[in-house]
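These are the residues of each chain, in order.
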Amino acid sequence: MDEEVIPILRVADAAAAVRWYARLGFAEQWEHRFEPGLPAFVEVARGRVRLFLSEHTGDARPDTLVYLRVADVDAVAAEFGARVEEAPWAREVELRDPDGNRLRVGTPRPTE
């Protein structure tokens, strides 16, 4: 088994969050509820990158920042109508999901 870190993001509506993250190329892997009508806990994945989206109060704080490295930040920026910023280490765009979580998405600059 490969070790990994999976950030947990607090969301109010897991279904709406899954739709938003799909625009970033994430697909729902599974959803868990202890019983119908109780809060959802969902995993979404984009290749080997995974996020947990939780409706459970206390699992995570709103306004969390996650950094996502991608091969083509321009495609992400175009999908969201965002402007790419130039940084010394990467070309980046910062997005906010419907719950206020921040995602900084960047394509690293080539090393010389």
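Above: the structure in question.
Residues numbered from 1 in each chain as written. Predicted model: local features only at pLDDT ≥ 70, side-chain atom pairs only at ≥ 80, totals over all residues. Heavy atoms only, no water.

**Q** Whenever I open this one, the packing of aromatic side chains confuses me. Can you help?
**A** Centre-to-centre distance and the angle between the planes together describe a pair of aromatic rings. Applying the stated criterion across every chain yields a total of six aromatic pairs. Taken together, a centroid distance of 4.9 Å and an interplanar angle of 75° make the contact between Trp20 and Tyr21 edge-to-face. Just as Trp20 is buried, Tyr21 falls in that class too. Consider the rings of Tyr21 and Phe26, whose centres lie 5.9 Å apart with planes at 85°: the pair is edge-to-face. Using a relative accessible area of 0% as the deciding quantity, one classes Tyr21 as buried. Among the aromatic side chains, those forming a connected cluster through ring pairs are Trp20, Tyr21, Phe26 and Phe80. (Phe/Tyr/Trp six-rings, centres within 6.5 Å; stacked < 30°, edge-to-face > 60°. Buried < 20%, exposed > 50% of the residue type's maximum accessible area, 1.4 Å probe, protein only.)

**Q** So what exactly am I meant to see when it comes to the layout of surface pockets here?
**A** Rolling a probe over the atoms, with the probe sized like a water molecule, indicates the empty space that remains. Computed from the structure, the largest pocket encloses a volume of approximately 180 Å³. As for the largest pocket, its lining consists of Glu4, Val5, Pro7, Phe26, Arg48, Val49, Arg50, Leu51, Val66, Tyr67 and Leu68. At the level of secondary structure, the elements contributing two or more residues to the lining of the largest pocket comprise strand 4 (49-54) and strand 5 (65-69). Residue composition of the lining of the largest pocket, grouped by class: eight nonpolar, no polar and three charged. (1 Å grid on protein atoms, 1.4 Å probe; cavity = no way out; pocket = protein on both sides within 12 Å on 5 of 7 lines; lining within 4 Å. Points joined across faces, edges and corners; volume = space filled by probe spheres on them. Helix = DSSP H or I, 4+ residues; strand = E, 2+ residues; numbered from the N terminus. Nonpolar A, V, L, I, M, F, W, Y, C, P; charged D, E, K, R; others polar.)

**Q** Any chance you could explain the nonpolar core here in plain terms?
**A** One recurring pattern in soluble globular proteins is that nonpolar side chains are buried together. If you look at the biggest cluster of nonpolar residues, it comprises 26 residues, and the most contacted ones within it are Tyr21, Leu24, Leu53, Val76, Leu95 and Val105. Those elements giving two or more residues to this core turn out to be helix 1 (14-22), strand 3 (41-46), strand 4, strand 5, helix 2 (73-80), strand 7 (90-96) and strand 8 (102-108). The leading source of residues in this core is helix 1, at five residues. Among all residues touching Tyr21, those that are not within four sequence positions of it are Leu9, Phe26, Leu51, Leu53, Asp97, Asn101 and Leu103. (Core = buried A, V, L, I, M, F, W, Y, C linked by side-chain atoms within 4.5 Å. Contact = heavy atoms within 4.5 Å.)

**Q** Teacher, can you tell me more about the sheet that holds strand 4 here?
**A** Strand pairing within a sheet occurs via backbone hydrogen bonds; the two strands may be parallel or antiparallel. Pairing is mixed in the open sheet, where four strands are placed in the order 1-4-3-2. With partners counted over all chains shown, the strands left at the sheet margins are strand 1 (8-10) and strand 2 (27-32), one partner each. Averaged over all pairs of adjacent strands, the angle between strand axes in this sheet comes to 25°, irrespective of strand direction. Pairing geometry for strand 1 and strand 4, over three bridges, is parallel. Within strand 4, the residue paired with Leu9 across the bridge is Leu53. Where helix 1 meets the sheet, it contacts strand 1, strand 2, strand 3 and strand 4, and its direction lies at approximately 155° from that of strand 4. (Pairing = 2+ DSSP bridges. Axes fitted to C-alpha atoms, helices over the stretch in contact; angles between N-to-C directions.)

**Q** Is there a simple way to explain helix 1 in this structure?
**A** Think of an α-helix as 3.6 residues a turn; residues three or four steps apart then line up on the same face. Those residues of helix 1 not exposed but buried are Ala14, Ala17, Val18, Trp20 and Tyr21. With its buried residues spanning 165° around the axis, helix 1 presents them on a single face. Regarding helix 1, its N-cap is Asp13, as a side-chain oxygen of that residue lies 3.1 Å from the backbone nitrogen of Ala15 further along. (Arc of directions from axis to C-beta. Polar contact = N/O pair within 3.5 Å; in protein donor to acceptor, adjacent residues only side chain to side chain.)

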